[in-house]
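Architecture and fold: a report
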Amino acid sequence: EAGVAQSPRYKIIEKRQSVAFWCNPISGHATLYWYQQILGQGPKLLIQFQNNGVVDDSQLPKDRFSAERLKGVDSTLKIQPAKLEDSAVYLCASSADSGSYNEQFFGPGTRLTVL
Amino acid sequence: GQQVMQIPQYQHVQEGEDFTTYCNSSTTLSNIQWYKQRPGGHPVFLIQLVKSGEVKKQKRLTFQFGEAKKNSSLHITATQTTDVGTYFCRASNYQLIWGAGTKLIIKP
């Protein structure tokens, strides 16, 4: 079974530029999560999708971050414009369903450096 | 908002010594999951605890859920170099909240 795929693996941009990350979850997984993990901290949930609908985006900085999962499969996360404090690893995860009892499977992450 | 305190932040041990990390919540949790993240890697699911007072074991790892379902612990007996990494708890009630992690470091 293929795991969660993410691209790119690394990205370096200057502040005020835009960047987009892509995630393809495990086949058949209805729920997709985007997390931000700053070095030395735990993952912070940015947004949770159930199929193509948003379940929780309470911690997404909506003035600069956006995410979509139009066909209920793969997803993109965009930052526009980027700030220095956005430097982090962006992790995508998927689970079979949206219930909190479901195990989450993580992709390898995208390491973003904002200069 | 809801928070989960995970302590300690780091634990340095000699290989063969034990390791313990604790997660504490101010509110009752529906369940708690534990994940391990190797250096440079991504979190990998270890186990889920659901019932009050639940204890689960995986080889040298013992996971406990408190009677009040507000705290949990992960204990590793006789650590090995393969145990190195950061251990996170992920708590659930109406939100998913991750602890800050405890980094297990094996002294050379």
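Above this text sits the structure in question.
The residue count restarts for each chain, going from 1 along the sequence in the order it is written. Each chain is given a letter, starting from A, and each ligand a number, starting from 1, according to the order in which they appear as written. Reporting in this predicted model follows two pLDDT cut-offs: at least 70 for local features of residues, and 80 or more for side-chain atom pairs to be given and counted; totals over whole chains, interfaces and linings ignore these cut-offs and use all residues. Here the side-chain values reflect all heavy atoms present in the structure, with hydrogen atoms and water set aside.

Here a helix means four or more residues in a row that DSSP labels H or I, a strand means two or more in a row labelled E, and each is numbered from the N terminus. Within chain A, the regular secondary structure consists of zero helices and 11 strands. Going residue by residue from the N terminus, the α and β elements of chain A occur as β-β-β-β-β-β-β-β-β-β-β. Overall, the C-alpha framework of chain A stretches about 35 × 25 × 25 Å when taken along its three principal axes. Exposed residues in this analysis have more than 50% of their type's maximum accessible area, buried residues have under 20%, and partly exposed residues fall in between, with area computed by a 1.4 Å probe over protein chains only. Counting the 115 residues in chain A, one finds 44% classified as buried. Working rule for contacts: check all heavy atoms of both residues, and any pair within 4.5 Å makes them a contact. Restricting to contacts in chain A with at least 6 residues of sequence separation, those with at least 24 account for 54%.

Our next topic: the state of the cysteines. All names here are of chain A. For this text, the term disulfide refers to a pair of cysteine sulfurs within 2.5 Å. A full pass over the atoms with the stated rule returns two disulfides over all chains. One disulfide in the model links Cys23 with Cys92; its S-S distance is 1.9 Å. With the S-S dihedral at roughly -70 degrees, the linkage between Cys23 and Cys92 falls on the left-handed side. Residue Cys23 is located in strand 3 (residues 19-24), and its partner Cys92 is located in strand 9 (residues 88-95); the two are separated by 69 residues in the primary sequence.

With that settled, the discussion passes to the side chain of Thr79 of chain B. Residue and element names in this part refer to chain B. Tracing the sequence through the fold places Thr79 in the loop between strand 8 (71-76) and strand 9 (85-92). Since its relative accessible area comes to 1%, Thr79 is described here as buried. Side-chain atoms alone can form a polar contact between residues adjacent in sequence; in general such a contact is a pair of N or O atoms within 3.5 Å, and within protein one must be able to donate a hydrogen while the other accepts it. A polar atom in the side chain of Thr79 sits 3.4 Å from the backbone oxygen of Gln14.

Next up on the list: the packing of aromatic side chains. Here a ring pair, both rings aromatic, is described through the centre-centre distance and the interplanar angle of the planes. Between rings of Phe, Tyr and Trp, where Trp is taken as its six-membered ring, a pair exists when centres lie within 6.5 Å; planes separated by under 30 degrees are stacked, by over 60 edge-to-face, and by other angles tilted. Within this structure, the stated rule accounts for 11 aromatic pairs over all chains. A centroid spacing of 6.3 Å and a plane angle of 70 degrees characterise the contact between Phe88 of chain B and Trp98 of chain B, whose relative ring orientation is edge-to-face. A residue pair is termed long-range when its members are at least 10 positions apart, and Phe88 of chain B in strand 9 and Trp98 of chain B in strand 10 (residues 96-98) qualify at 10 residues. Taking the relative accessible area as the measure of exposure, Phe88 of chain B reaches 2% and is therefore buried. Relative accessible area serves as the criterion here: at 8%, Trp98 of chain B is assigned to the buried category. The rings of Tyr33, Tyr35 and Phe106 of chain A together with Tyr35, Phe45, Phe88 and Trp98 of chain B are connected pair by pair, giving a single aromatic cluster.

This next bit is on the layout of surface pockets. Of the two site types, the cavity is a set of points on a 1 Å grid over the protein atoms alone where a 1.4 Å probe fits but cannot get out, and the pocket is an open set with protein on both sides within 12 Å along at least five of seven lines, each lined by residues with an atom within 4 Å of a point. Grid points are joined across faces, edges and corners, and a volume is the space filled by probe spheres set on the points. In this structure, the largest pocket occupies an estimated 610 Å³ of space. If you trace the largest pocket, you find 29 residues lining it, with Gln37, Leu39 and Gly40 of chain A together with Gln37 and Gly40 of chain B closest to the centre. At the level of secondary structure, the elements contributing two or more residues to the lining of the largest pocket comprise strand 9 and strand 11 (110-114) of chain A together with strand 9 and strand 11 (102-106) of chain B. By residue class, the composition of the lining of the largest pocket is 12 nonpolar, 13 polar and four charged. Within this model, the second largest pocket holds a volume of roughly 430 Å³. Classes in brief: Ala, Val, Leu, Ile, Met, Phe, Trp, Tyr, Cys and Pro nonpolar; Asp, Glu, Lys and Arg charged; the others, Gly included, polar.

Residues and elements named next belong to chain A. Here four strands make up an open sheet; going across it, the order is 1-3-8-7 and the pairing antiparallel. Two strands in the sheet have a free side with no partner beyond their single neighbour: strand 1 (5-7) and strand 7 (65-68). Each strand of the sheet is rotated relative to its neighbour by a mean of 15 degrees, with strand direction disregarded. Two strands qualify as a pair provided DSSP detects at least 2 bridges between them. Helix axes use the C-alpha atoms of the stretch in contact, all axes being lines fitted to C-alpha atoms, and the angles between their N-to-C directions lie in the range 0 to 180 degrees.

These figures come from the coordinates and say nothing about function on their own.
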